[in-house]
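# Architecture and fold: a report
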Amino acid sequence: MQKNFRPNPNSFKNTFCVFQEVTSKEVEGLKIQFESKAGSRYYYSDLGMYRFSNHWGRLANSKWRLDAMEPETESKFKLGFAAWSSFYPDNAIDKLYYIEADYSRNTVNYQHKNNPEYDNKAILRTSFETTKRIKQIRNLQQLTSWAKYFDYEDIDTLRKAIINELIFTEKTLEEIKREIE
């Protein structure tokens, strides 16, 4: 019989966490310990939390993201797991976040400074500053109209140079573009 492990409900307020998608086999035999009004189901264990939901990202006063399996499952509802040690504090004031770009997948995301993989190279920013930079990076990744003002041979090389400056320096996008021209 499953021991009823139940964390303090306030322990998840103002947190950032990245859940890893897992298969439904992971929660076989576990009891749903909380179900939200939006239909998300929560299973708690000594190791961490399982969350079954069709919405991820900003949740009330927390930022919870799901790293999907590959190949991505077709279901809108996904089951994610996060160890208790993966929940980090979040607020709008402190510089808590850094940006990571995956050039092979052409994606960008943010991570928390308490992530054990943080190497102290990317600049830490507030959540607002991070969101603004990510929007700029996604425009660079997805659009080409901005590149018409540059003399370049390979747009991917140009993109990477600009994106790296946005991640690893405090320079504005305008300053970076002026330096490259």
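Everything below is about the structure printed above this text.
Residues numbered from 1 in each chain as written. Predicted model: local features only at pLDDT ≥ 70, side-chain atom pairs only at ≥ 80, totals over all residues. Heavy atoms only, no water.

### Regarding the overall build of the protein chain
- The secondary structure content of the protein chain amounts to 3 helices and 10 strands.
- Walking the protein chain from its N terminus toward its C terminus, one meets helices and strands in the order β-β-β-β-β-β-β-β-β-β-α-α-α.
- For the protein chain, the residues scored as buried account for 39% of the 181 residues in total.
- At a minimum sequence separation of 6, the contacts of the protein chain that also span at least 24 residues come to 65%. (Helix = DSSP H or I, 4+ residues; strand = E, 2+ residues; numbered from the N terminus. Buried < 20%, exposed > 50% of the residue type's maximum accessible area, 1.4 Å probe, protein only. Contact = heavy atoms within 4.5 Å.)

### Re the layout of surface pockets
- In this model, the largest pocket occupies a volume close to 770 Å³.
- If you go around the largest pocket, you meet 26 residues; those closest to its centre are Val18, Arg65, Asp67, Asn109 and Gln111.
- Elements with a contribution of two residues or more to the lining of the largest pocket: strand E1 (15-21), strand E6 (62-67), strand E9 (97-102) and strand E10 (107-112).
- No other element matches the 4 residues that E10 contributes to the lining of the largest pocket. (1 Å grid on protein atoms, 1.4 Å probe; cavity = no way out; pocket = protein on both sides within 12 Å on 5 of 7 lines; lining within 4 Å. Points joined across faces, edges and corners; volume = space filled by probe spheres on them.)

### Structural notes on the nonpolar core
- Counting residues in each nonpolar core, the largest one holds 19 residues, and the members touching the most others are Ile137, Leu140, Trp146, Ile162 and Leu166.
- Listing elements by their share of this core, those giving two or more residues are E9, helix H1 (127-142), helix H2 (155-168) and helix H3 (173-180).
- Dropping the residues within four chain positions of it, Ile162 is found in contact with Leu140, Trp146, Leu173, Ile176 and Ile180.
- Grouped together as the second largest cluster of nonpolar side chains are 11 residues, Phe12, Tyr44, Ala82 and Phe87 included. (Core = buried A, V, L, I, M, F, W, Y, C linked by side-chain atoms within 4.5 Å.)

### Thoughts on the environment of Tyr50
- Looking at the element boundaries, Tyr50 is found in strand E4 (residues 48-53).
- Measuring from C-alpha to C-alpha, the distance between Tyr50 and Leu30 comes to 9.8 Å, with 20 residues separating the pair along the chain.
- Those residues in contact with Tyr50, other than ones at most four positions away along the chain, are Val22, Glu26, Val27, Leu30, Arg41, Tyr42, Tyr43, Ser45, Leu79, Gly80 and Phe81.
- Only 3.4 Å separates the side chain of Tyr50 from the side chain of Glu26, close enough to count as a polar contact. (Polar contact = N/O pair within 3.5 Å; in protein donor to acceptor, adjacent residues only side chain to side chain.)

### Quick look at the packing of H2 against H3
- Close contact between H2 and H3 brings their axes to 10 Å; oriented N to C, the two are set at 135 degrees. Here H3 runs oblique to H2, going by the angle between their axes. At the point where H2 passes H3, the crossing takes the right-handed sense. For the pair formed by H2 and H3, the contact residues are Leu158, Ile162, Glu165 and Leu166 on the first element and Leu173, Ile176 and Ile180 on the second.
- Taken together, the residues that form the contact of H2 with H3 break down as 6 nonpolar, no polar and 1 charged. (Axes fitted to C-alpha atoms, helices over the stretch in contact; angles between N-to-C directions. Parallel < 35°, antiparallel > 145°, perpendicular 65-115°, else oblique. Left-handed = near helix turned anticlockwise from the far one by under 90°. Nonpolar A, V, L, I, M, F, W, Y, C, P; charged D, E, K, R; others polar.)

### Let's talk about H2
- With 14 residues, H2 should cover 20 Å at 1.5 Å per step; its first-to-last C-alpha distance of 20 Å lies within 8% of that length.
- For H2, every residue scored as buried is listed here: Ile155, Leu158, Arg159, Ile162, Ile163, Leu166 and Ile167. Mapping the buried residues of H2 onto a view down its axis gives an arc of 165 degrees, with all of them on the same face.
- If you follow the buried residues of H2, they end up packed against E9, H1 and H3.
- Between the side-chain oxygen of the N-cap and the backbone nitrogen of Asp156 there are 3.1 Å, and the N-cap of H2 in question is Asp154. (Expected span 1.5 Å × (residues − 1). Arc of directions from axis to C-beta.)

### Overview of the packing of H1 against H2
- Between H1 and H2, the shortest axis-to-axis distance is 10 Å and the interhelical angle comes to 175 degrees. By the criterion of interaxial angle, the relationship of H1 to H2 is roughly antiparallel. Here Arg133, Gln136, Ile137, Leu140 and Gln141 of H1 lie close against H2, whose contacting residues are Arg159, Ile162, Ile163, Glu165, Leu166 and Ile167.
- Class assignment of the residues belonging to the contact of H1 with H2 gives a composition of 6 nonpolar, 2 polar and 3 charged.

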